[in-house]
Amino acid sequence: MTEKEAFTLVDTLMRTGITELDILGGEPMLVPYMKDLLGYVTSARIAVNISTNGSLPEMVHTIAKIPTRLLHIGFSLHGFSDTHNAITMSDNFNFVLEGIVKTIEEGKTPIVKSVLTSTNRDEIQTLIHYLGELGVKKYFLLHEDIIGRQQHAGFLSFPDFMRYFSTLRSDLKEIPDIGFVAASGFYKCGRTACRRCDAGSTKLAVLPDGSTFPCNLLLGFKEFCLGNILRDEFETIHNHPILQRFRQFHGNVCSSIQCPRYESCSGGCPAHSYYFYRNLDAPDPRCQFINL
């Protein structure tokens, strides 16, 4: 996205009353105008969550200096050095730590995020203890996204993920704010309690060319494109017929009523269902009772 297009997008968000913007990658710290864009967004009273792999600590430090409470920097850290570098196929563990420390030094609260996998599950607790000693106060454990995989064995089902997370939160006190991130279709809450998931209701996803989709996990499917936010009226995108599939849903697409989470679940992530089965109304394959 060019600098002009990025600022045009922010102007659209301001006009439509959007209050929160998530900037994901790739690596957004590589964008040359990012500091100016973040300053512009936050001056418009829009909260920004920007996620980084931490490989550019000096750029992180520059952005952390922006004088606002509306900017939240999230760092991906999936274990200690050997594990993190193996999972990310990089050598940036020390860069991530440097960025976290510099963000804390600037008076901001970094958000550290780990995707829970079979590779790192035995060291997450020790990692959280270490992060607490560094001064980290906010941590999120992420349920693994398996879209794009040909082989999907070894992932944790959502019930298994939640059991792990519950134990983690009850056993550890080093970081005061420990939360989780998982597909909203696995847990009904708030404004989307009567819908399949948050897609098209509390969030939309935008590609660098302006193409807009119900959520970021559906970006690879042209049939879910709602239009282009840089060219089309926002109302046209927001009222697209595709979104009714997500908004007018009640109940649970999963038939496993014996699952202890059946009443609070709508069947998981429809993007996962569509990727694996080409059916939005199939249960997410990460359900405990689905055998692929």
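Residues numbered from 1 in each chain as written. Predicted model: local features only at pLDDT ≥ 70, side-chain atom pairs only at ≥ 80, totals over all residues. Heavy atoms only, no water.

Student: Is there a simple way to think about the pattern of salt bridges in this case?
Tutor: Two side chains bearing opposite charge may form a pair once their charged atoms approach each other closely. Overall, the coordinates contain six salt bridges when judged by the stated rule. A salt bridge links Lys 138 to Asp 177, with the nearest nitrogen and oxygen atoms 2.5 Å apart. Of this pair, Lys 138 sits in strand 5 (residues 138-142) while Asp 177 is found in strand 6 (residues 177-181), placing the two residues 39 residues apart along the sequence. A residue is classified by how much of its surface remains accessible, and Lys 138, at 24% relative accessible area, is partly exposed. For Asp 281, the salt bridge is made with Arg 245, and the minimal N-O distance between the two is 3.4 Å. Here Asp 281 is found in the segment after helix 10 (270-277), whereas its partner Arg 245 is found in helix 9 (residues 244-247), with 36 residues between them in sequence. When its relative accessible area of 41% is taken as the criterion, Asp 281 is described as partly exposed. What emerges from the salt-bridge pattern is a single network uniting Glu 58, Glu 98 and Lys 102. (Salt bridge = Lys/Arg side-chain N within 4 Å of Asp/Glu carboxyl O. Helix = DSSP H or I, 4+ residues; strand = E, 2+ residues; numbered from the N terminus. Buried < 20%, exposed > 50% of the residue type's maximum accessible area, 1.4 Å probe, protein only.)

Student: Would you explain the sheet that holds strand 7 (residues 205-206) in this entry?
Tutor: Backbone hydrogen bonds are what pair the strands of a sheet, in a parallel or an antiparallel way. Strands sit in the order 7-8-9 across an open sheet of three strands; the sheet is antiparallel. Two strands bound the open sheet, and with one partner strand each, they are strand 7 and strand 9 (227-228). With two bridges joining them, strand 7 and strand 8 (residues 211-213) adopt antiparallel strand pairing. Each residue of the ladder has a partner; that of Ala 205, found in strand 8, is Phe 213. (Pairing = 2+ DSSP bridges.)

Student: Could you clarify how one ought to interpret the nonpolar core in this entry?
Tutor: Nonpolar side chains tend toward joint burial in soluble globular proteins. In this structure, Leu 38, Ile 124, Leu 131, Tyr 139, Leu 141 and Phe 224 are the most contacted members of the largest nonpolar core, which totals 69 residues. With six residues, helix 7 (residues 158-171) is the largest single contributor of residues to this core. Once residues lying within four places of it in the same chain are set aside, the contact partners of Leu 38 are Ile 23, Val 48, Ile 50, Ile 63, Ile 66 and Leu 71. (Core = buried A, V, L, I, M, F, W, Y, C linked by side-chain atoms within 4.5 Å. Contact = heavy atoms within 4.5 Å.)

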